[in-house]
Amino acid sequence: MRFLPTSDTIRGQMLADLGLNHADELFSHIPEYCRLQRPLAIPPGQSEAEIVRYFRQAAAANAPGFASFLGAGAYHHFRPAHIDMLAGRGEWFTAYTPYQPEISQGTLQSIFEFQTMVCQLTGQEVANAGVYDGSTALHEACMMAARITGRSQLVVARTIHPQYREVLHTLTRYRDFPLVEVGYAADGRLDATALAAAVSASTAAVAVQSPNFFGTIEEWQAAAAAAHAHGALLIAVVTDPVSLGLLPPPAADGDDGVDIVAMEMQGFGIPVGFGGPYAGVLATREKFVRNLPGRLVGEARDREGRRGFVLTLSTREQHIRREKATSNICTNEALCVLMASIFMATYGPEGLRELALQNLSKAAYAAQALQAAGAEVLFPAPRFHEFVVRLKTPLETLQPVLTRERIIAGLALARHYPELGNALLVCVTETATRADIDRLVGLLTKP
Amino acid sequence: MNPLPSRAARHIVQNEPLLFEVSAPGKRGSQLAPLDVPIAAPPAVRGAIAGFPELSELEVIRHYTRLSTWNYGVDTGLYPLGSCTMKYNARVNELVSRLEGLGDAHPLQPEHLSRGALAIMQQLSRDLLEITGMAAITLQPAAGAQGELTGILMIRAALSARGDARRTVLIPDSAHGTNPATAAIAGYQVQNLKSNPDGTVDMSDLNRLMNGEVAALMLTNPNTLGIFEEDIHRIADLVHERGGLLYMDGANMNALVGRSRPGDFGVDVMHLNLHKTFSTPHGGGGPGSGPVAVKRELEPFLPIPVLVTRHDGGDDGRPDLDYARPHSIGRVRAFHGNFGMFTRALAYIMANGCDGLKQTTEDAVLNANYLRQKLEGDYAIAYATPSMHEVVLSDALQAPHGVHTGDIAKRLIDYGFHPYTVSFPLVVRGAMMIEPTESASRADLDDFIAAMRAIAEEARTQPELVTSAPHTTKISRLDEAAAARRPILRWRPA
């Protein structure tokens with residue numbers, strides 16, 4: 001076994017040191033009926049070459065090299081080469097939670113920088129070190145709002161990612177958090193009238209996504225005013241942080257803006273990777289920090305007065321508070337957080353602005369081209385890099401030709417929004433060339 | 001100060017300011033391809049991102065390279081952090097998870113273009129079921145703690161379907177803090193269960209507390225003391241007789257793989273930590289992955305979608321995603337879970353195979369027992385009961401000199417080691433929880449033993465050397481109390 005540093009000879013010597021003849025004796029205190037009496041039905045150990053061959057074959061059975069117009073919470077953005085080169089250093093990826101700050105300053109400083117960049121990007125006052133992903137971040141934000149307000153009702157826009165809403169439903173199902181969904185208006189944005197009617201004195205939080213699941217851009221101030229009118233908090237869901245390079249951020253704005261941001265960081269250099277691992281993050285007002293779940297890194301001084309960083313405010317967390325903790329979460333997806341940090345440091349403010357503008361421009365070009373070719377593009381409100389187009393026939397009928405042309409056209413919305421008919425959610429990022437877009441338009445509008 | 005063992009030496013460490021302090025206006029680390037469509041006018045534009053860093057590419061590389069040298073990882077040396085299973089992370093696992101077609105696969109791409117990814121999930125599922133002896137599995141939970149929550153929600157759903165959700169979850173006092181936090185999120189009250197003098201479940205306490213209101217017992221086996229619950233069958237029988245279910249926290253599965261299967265000793269629901277037992281990298285604190293395996297009667301409650309095998313082609317069976325599960329608890333995370341961890345875990349299982357997995361377990365247990373034998377005498381052993389893959393010592397012999405577990409841990413850093421887990425489990429005063437894993441060579445163990453013995457000697461003769469450690473690191477002990485009193489959680493311009 002190439003991973004094991006112990007030879008048979010040394011094993012024998014170590015067993016002899018323990019007064020044992022055979023490794024089985026190490027397990028002799030385990031009752032007989034608990035011991036497996038046969039080898040596992042798993043093939044013997046394989047070489048690295050065999051393993052690589054197996055995974056190459058599996059990769060080929062997916063869709064390598066396809067032009068993809070899928071978004072819906074997982075976004076294809078170019079990943080600079082140095083992200084994996086840096087994150088691939090063993091000092092980053094073979095370390096664990098920085099419980100020993102003296103030999104973990106790399107991880108701790110990078111998280112402190114991450115928290116800062118998330119604050120700068122969102123216009124919030126504090127950010128945590130990360131949570132699992134955007135979907136679970138929404139749940140954590142809702143629980144946080146309930147703790148702060150002492151209320152339980154959650155008002156959730158139907159234009160939040162359907163899977164995020166499913167997760168929220170699952171994770172609250174045995175506790176008393178009534179969920180109310182608010183629909184969308186003809187322009188593809190939150191129905192403001194329905195929202196105003198849904199919020200009441202029992203509402204803990206209003207949750208709104210922007211750009212929303214249809215790709216249209218919501219107005220944070222209006223949503224905040226609707227929530228705050230009844231003393232509820234506004235939770236902002238952001239599924240692609242690239243949008244914040246250009247669009248007005250979900251800022252705290254004194255008391256008038258967003259109260260909690262629940263954001264998915266995948267778009268910042270984390271591989272799309274068939275859905276994970278990703279990293280979510282929560283950002284909020286300073287006054288809510290003790291209700292914030294997840295790890296936090298803070299600045300500290302050592303005995304000589306030098307600056308260093310530590311995990312802090314851990315009295316909120318499960319390893320201290322057990323059943324009274326703000327959450328059961330341990331991980332902060334640190335390696336994904338590192339990738340996102342390297343991405344932000346690499347692009348900088350101007351790079352992010354250009355990146356966001358390219359995404360917005362390419363999606364606008366695609367939507368216009370589809371419309372010009374006779375397709376029905378839904379929802380006139382301003383968009384970022386996604387939009388909805390209604391096809392004349394179901395996507396399945398086009399699938400054989402799309403597959404042959406090595407194009408993944410987008411996400412059929414029938415499962416989650418049956419009222420939209422043969423609607424397709426299309427995402428266009430900077431990775432799509434004009435030629436790819438023109439091919440897509442041709443295939444979707446072919447008579 | 002004693003001379004350092006040959007393993008550690010002093011070394012230049014580069015200082016590196018925060019990104020924001022390196023930043024200067026106008027620098028760029030990225031360049032986009034020219035836009036090949038007309039520029040569109042955005043509806044509304046944000047103001048400048050104040051303070052956001054501006055660096056060249058080389059400065060980014062140096063920044064993160066320098067920061068990395070301040071960390072200690074498994075690649076650096078022995079990392080005996082108890083209950084965390086800090087084992088070697090093979091590089092081939094990183095390579096295969098990034099292959100084109102896998103690393104860039106979209107979770108919503110059509111199923112006929114996802115066959116390879118689904119086949120990986122299917123193979124991993126089969127192997128994990130064989131290893132655990134369970135009947136069905138979900139790979140969706142993002143981490144161990146989310147696996148726990150998924151499992152407890154499934155228990156709640158199953159008991160509700162019987163018409164009796166019950167109110168309480170029993171948890172031993174040696175359990176990881178996530179267990180009670182999880183039970184609370186699932187809407188249960190937590191009842192603590194005492195450990196007996198052997199460090200295992202106190203059967204009389206269990207007998208007293210296991211009543212008609214108890215939904216489940218959450219047990220870690222081997223427990224956090226590194227002790228196998230020898231009464232596991234009696235425990236399972238008692239819980240089942242009184243209508244409850246047995247949940248097993250699989251954090252310590254590295255002690256059992258190929259040797260003992262939870263499905264064979266009465267466990268109904270369990271989670272695995274792919275980042276522990278199955279070598280997916282810990283990443284500085286994630287990502288993890290927490291698959292949940294269950295007995296047949298809990299299968300209807302698995303989160304959707306459920307990965308199923310369709311036998312429609314006469315072959316081995318085609319993997320497919322099943323959404324039509326009326327009793328499912330629902331989805332616990334967007335998409336399919338941490339797929340990148342599935343490729344790595346499967347690559348680990350393939351590399352080891354049945355023979356290597358069993359040998360791995362034996363070596364992990366051998367290493368822990370070797371440490372235990374060599375350190376006994378210099379340190380107090382918390383429980384006389386045999387150890388599995390980890391051993392819990394205490395600072396009882398050092399505390400009279402004013403030296404505590406946290407001090408010994410800091411002093412180990414000077415000797416070139418990552419410390420053990422400090423002050424956990426809570427049932428042991430001054431706990432030192434040591435898990436060497438199979439990745440430690442005898443030479444690693446002997447050096448570690450020599451360091452621990454030297455520290456025990458220092459604790460007797462010059463305790464202040466230990467209580468003020470570490471002495472060789474970039475920074476000394478930080479004032480954590482002050483940091484928590486007035487938290488500074490972000491950089492601001494001076």
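Thresholds, definitions, all that
- Residues numbered from 1 in each chain as written.
- Chains lettered and ligands numbered in written order.
- Predicted model: local features only at pLDDT ≥ 70, side-chain atom pairs only at ≥ 80, totals over all residues.
- Heavy atoms only, no water.
- Helix = DSSP H or I, 4+ residues; strand = E, 2+ residues; numbered from the N terminus.
- Rg over C-alpha atoms; globule rule 2.2 N^0.38 Å.
- Contact = heavy atoms within 4.5 Å.
- Pairing = 2+ DSSP bridges.
- Salt bridge = Lys/Arg side-chain N within 4 Å of Asp/Glu carboxyl O.
- Buried < 20%, exposed > 50% of the residue type's maximum accessible area, 1.4 Å probe, protein only.
- 1 Å grid on protein atoms, 1.4 Å probe; cavity = no way out; pocket = protein on both sides within 12 Å on 5 of 7 lines; lining within 4 Å.
- Points joined across faces, edges and corners; volume = space filled by probe spheres on them.
- Nonpolar A, V, L, I, M, F, W, Y, C, P; charged D, E, K, R; others polar.
- Axes fitted to C-alpha atoms, helices over the stretch in contact; angles between N-to-C directions.
- Parallel < 35°, antiparallel > 145°, perpendicular 65-115°, else oblique.
- Left-handed = near helix turned anticlockwise from the far one by under 90°.
- Domains from an automatic or database assignment.
- Buried area = accessible area lost by both parts, 1.4 Å probe.
- Polar contact = N/O pair within 3.5 Å; in protein donor to acceptor, adjacent residues only side chain to side chain.
- Phe/Tyr/Trp six-rings, centres within 6.5 Å; stacked < 30°, edge-to-face > 60°.
- Lys NZ or Arg CZ within 6 Å of the ring centre and 35° of its normal.
- Expected span 1.5 Å × (residues − 1).

Visitor: Provide a residue-level description of the overall build of chain B, including the pertinent values.
Guide: When its secondary structure is counted, chain B shows 13 helices and 13 strands. Computed over the C-alpha atoms, the radius of gyration of chain B is 25 Å, within 12% of the 23 Å expected from 2.2 N^0.38 for a compact globule of 494 residues. Seen through its C-alpha atoms, chain B measures out along the principal axes to roughly 75 × 65 × 45 Å. Pairs at least 24 residues apart make up 72% of the contacts formed inside chain B by residues separated by at least 6 positions.

Visitor: I'd like a rundown of the sheet that holds strand 5 (residues 203-209) of chain A, residues and numbers included.
Guide: Neighbouring strands of a sheet are bound in pairs by backbone hydrogen bonds; such pairs are parallel or else antiparallel. Residues and elements named next belong to chain A. Here we have 7 strands laid out as an open sheet, ordered 2-8-7-6-5-3-4, and mixed in their pairing. A strand with exactly one partner marks an edge of an open sheet, and here the two such strands are strand 2 (126-127) and strand 4 (179-182). Sheet topology places strand 5 next to strand 6 (residues 233-238); 5 bridges connect them, and they run parallel. Residue pairing in the sheet places Gln209 in a bridge with Val237 of strand 6.

Visitor: Would you mind going over the pattern of salt bridges in detail, with residue names and values included?
Guide: With the rule as written, the count across this model stands at 50 salt bridges over all chains. Its salt-bridge partner being Arg301(A), residue Glu299(A) comes within 3.2 Å of it at the nearest N-O pair. For the salt bridge of Arg28(B) with Glu354(A), the shortest nitrogen-to-oxygen distance reads 3.3 Å. With Arg28(B) in the loop between helix 1 (19-22) and helix 2 (57-68) and Glu354(A) in helix 11 (residues 334-372), the pair connects residues from two separate chains. Relative accessible area serves as the criterion here: at 31%, Arg28(B) is assigned to the partly exposed category. In the salt-bridge network here, residues are joined through shared partners; they are Arg79(A), Asp84(A), Glu94(B), Arg98(B) and Arg344(B).

Visitor: Requested: an account of empty space enclosed by the protein, with residues and values cited.
Guide: If you walk through the whole model with that rule in mind, you get 6 cavities of 30 Å³ or more. In this model, the largest cavity occupies a volume close to 130 Å³. Only helix 4 (115-132), strand 1 (136-138) and strand 8 (306-310) of chain B provide two or more residues apiece to the lining of the largest cavity. For the lining of the largest cavity, the residue count by class is 10 nonpolar, 4 polar and no charged. Along its surface, the second largest cavity is lined by Tyr132(A), Thr136(A), His139(A), Glu140(A), Leu171(A), Asn328(A), Gln146(B) and Leu149(B). Of all elements in the fold, only helix 6 (134-149) of chain A together with helix 5 (144-161) of chain B reach the threshold of two or more residues within the lining of the second largest cavity. With 3 residues, helix 6 of chain A is the single largest residue contributor to the lining of the second largest cavity. In the lining of the second largest cavity, the residues fall into 3 nonpolar, 4 polar and 1 charged.

Visitor: Account for the packing of helix 9 (residues 339-375) of chain B against helix 11 (residues 442-461) of chain B, naming residues and giving values.
Guide: All names here are of chain B. Contact geometry of helix 9 with helix 11 gives a least axis separation of 10 Å together with a crossing angle of 30°. One finds that helix 9 runs roughly parallel with respect to helix 11. Helix-helix and strand crossings are classified by hand; for helix 9 and helix 11 the assignment is right-handed. Counting all contacts with helix 9, which are made through Asn367, Tyr370, Leu371, Lys374 and Leu375, the residues of helix 11 involved are Arg442, Leu445, Asp446, Phe448, Ile449, Met452 and Arg453.

Visitor: Account for the domain arrangement of chain A, with residues named and values stated.
Guide: Size of an interface: often given as the accessible area lost when the parts come together. Residues and elements named next belong to chain A. In terms of domains, chain A is made up of domain 1 (8-49), domain 2 (67-79 + 349-445) and domain 3 (81-341). The centre of domain 2, based on its C-alpha atoms, is set 27 Å off from the matching centre of domain 3. Taken together, the contacts link 31 residues of domain 2 with 40 residues of domain 3. Buried area between domain 2 and domain 3, both sides added, is near 2800 Å², and the carbon and sulfur share of it is 64%. Counting across the interface, domain 2 meets domain 3 through 2 salt bridges. The shortest N-O distance in the salt bridge between Asp84 and Arg79 comes to 2.8 Å. Counting residues per element, the ones that place at least two in the side of domain 2 that touches domain 3 are helix 11 and strand 12 (386-390). A class-by-class count of the residues in the side of domain 2 that touches domain 3 yields 20 nonpolar, 6 polar and 5 charged.

Visitor: Break down the environment of Ser104(A) for me, citing the residues and quoting the values.
Guide: Summarising the element assignment, Ser104(A) is placed in the loop between helix 4 (90-93) and helix 5 (105-122). A relative accessible area of 5% places Ser104(A) in the buried class. Not counting the four nearest positions on each side in its chain, Ser104(A) is found in contact with Pro98(A), Trp70(B) and Asn71(B). From its side chain, Ser104(A) meets the backbone oxygen of Gln100(A) in a polar contact 2.8 Å long.

Visitor: Requested: an account of the domain arrangement of chain B, with residues and values cited.
Guide: All names here are of chain B. When the domains of chain B are assigned, the result is domain 1 (94-349) and domain 2 (361-480). When each unit is reduced to the centre of its C-alpha atoms, the spacing between domain 1 and domain 2 is 31 Å. Taken residue by residue, the interface counts 23 residues in domain 1 and 18 residues in domain 2. Roughly 1600 Å² is buried in total at the junction of domain 1 and domain 2, and carbon and sulfur atoms are behind 59% of that figure. Residue Arg259 pairs with Glu362 through a salt bridge whose shortest N-O separation is 2.6 Å. Taken together, domain 1 and domain 2 are joined by 6 residue pairs in polar contact (both at pLDDT 80 or more). By residue class, the composition of the side of domain 1 that touches domain 2 is 10 nonpolar, 10 polar and 3 charged.

Visitor: Can you tell me about the packing of aromatic side chains, naming the residues and giving the values?
Guide: Following the criterion strictly, the structure yields 20 aromatic pairs over all chains and no others. Arranged with centres 4.9 Å apart and planes meeting at 15°, the rings of Phe20(B) and Trp491(B) form a pair that is stacked. Residue Phe20(B) is located in helix 1, and its partner Trp491(B) is located in the segment after helix 13 (480-485); the two are separated by 471 residues in the primary sequence. The two residues Phe20(B) and Trp491(B) agree in class, both being buried. Among the aromatic residues, ring-to-ring pairing joins Tyr184(A), Phe213(A), Phe214(A), Phe379(A) and Tyr417(A) into one connected group. For the cation-ring pair, Arg415(A) lies above Tyr323(B), with the distance from its terminal atom to the ring centre recorded as 3.8 Å. The ring of Trp70(B) carries the charged tip of Lys474(B) above its face, separated from the ring centre by 3.9 Å.

Visitor: Which residues make up helix 10 (residues 405-414) of chain B, and what values go with them?
Guide: All names here are of chain B. Within helix 10, 9 of the 10 residues are buried, leaving the element largely enclosed by the surrounding structure. The secondary structure elements touched by the buried residues of helix 10 are strand 12 (421-422), strand 13 (431-434), helix 11 and helix 12 (463-467). Looking at the residues trailing helix 10, positive phi occurs at Gly416, about 95°.

Visitor: Report on the sheet that holds strand 15 (residues 423-427) of chain A, specifying residues and quantitative values.
Guide: All names here are of chain A. Taking strand neighbours across the sheet as the criterion, the 4 strands line up as 11-12-15-14 in an open arrangement whose pairing is antiparallel. At either end of the open sheet lies a strand with only one pairing partner, and these are strand 11 (376-377) and strand 14 (411-412). Where strand 14 lies against strand 15, 2 bridges are found, and the strand directions are antiparallel. In the sheet register, Ala412 faces strand 15, and the bridge partner there is Leu424.

Visitor: Tell me what's going on with the pairing of strand 3 (residues 153-157) of chain A, and back it up with residues and numbers.
Guide: Residue and element names in this part refer to chain A. Of all 5 residues in strand 3, 5 are buried; the element is thus mostly enclosed. Of the two faces of strand 3, the one holding Gln153, Val155 and Ala157 and the one holding Leu154 and Val156 are both buried throughout. Across 4 bridges, strand 3 lies against strand 5 in parallel orientation. Opposite Val156, over in strand 5, you have Ala207 as the bridge partner.

Visitor: Can you tell me about the interface of chain A and chain B, naming the residues and giving the values?
Guide: Chain A puts 180 residues into the contact, and the matching count from chain B is 206 residues. Both sides of the chain A and chain B interface together cover about 16700 Å² of buried area, and 64% of this is carbon and sulfur. Scanning the region where chain A abuts chain B turns up 11 salt bridges. Ionic pairing is found between Arg98(B) and Asp84(A), a salt bridge with its closest N-O pair at 3.1 Å. Run the count over chain A and chain B and you get 90 residue pairs in polar contact (both at pLDDT 80 or more). Ranked by residue count, the leading element in the side of chain A that touches chain B is helix 11 of chain A, at 25 residues. Among the residues forming the side of chain A that touches chain B, the class breakdown is 92 nonpolar, 52 polar and 36 charged.

Visitor: Which residues make up helix 4 of chain B, and what are the values?
Guide: Since the α-helix packs 3.6 residues into each turn, any two residues three or four apart lie on the same face. Residue and element names in this part refer to chain B. With 18 residues, helix 4 ought to run about 26 Å at 1.5 Å a step, and its terminal C-alpha atoms sit 25 Å apart, in line with that. The buried count for helix 4 comes to 14 of 18 residues, which makes it a mostly enclosed element. Of the residues flanking the end of helix 4, it is Gly133, one or two places downstream, whose phi is positive at about 75°.

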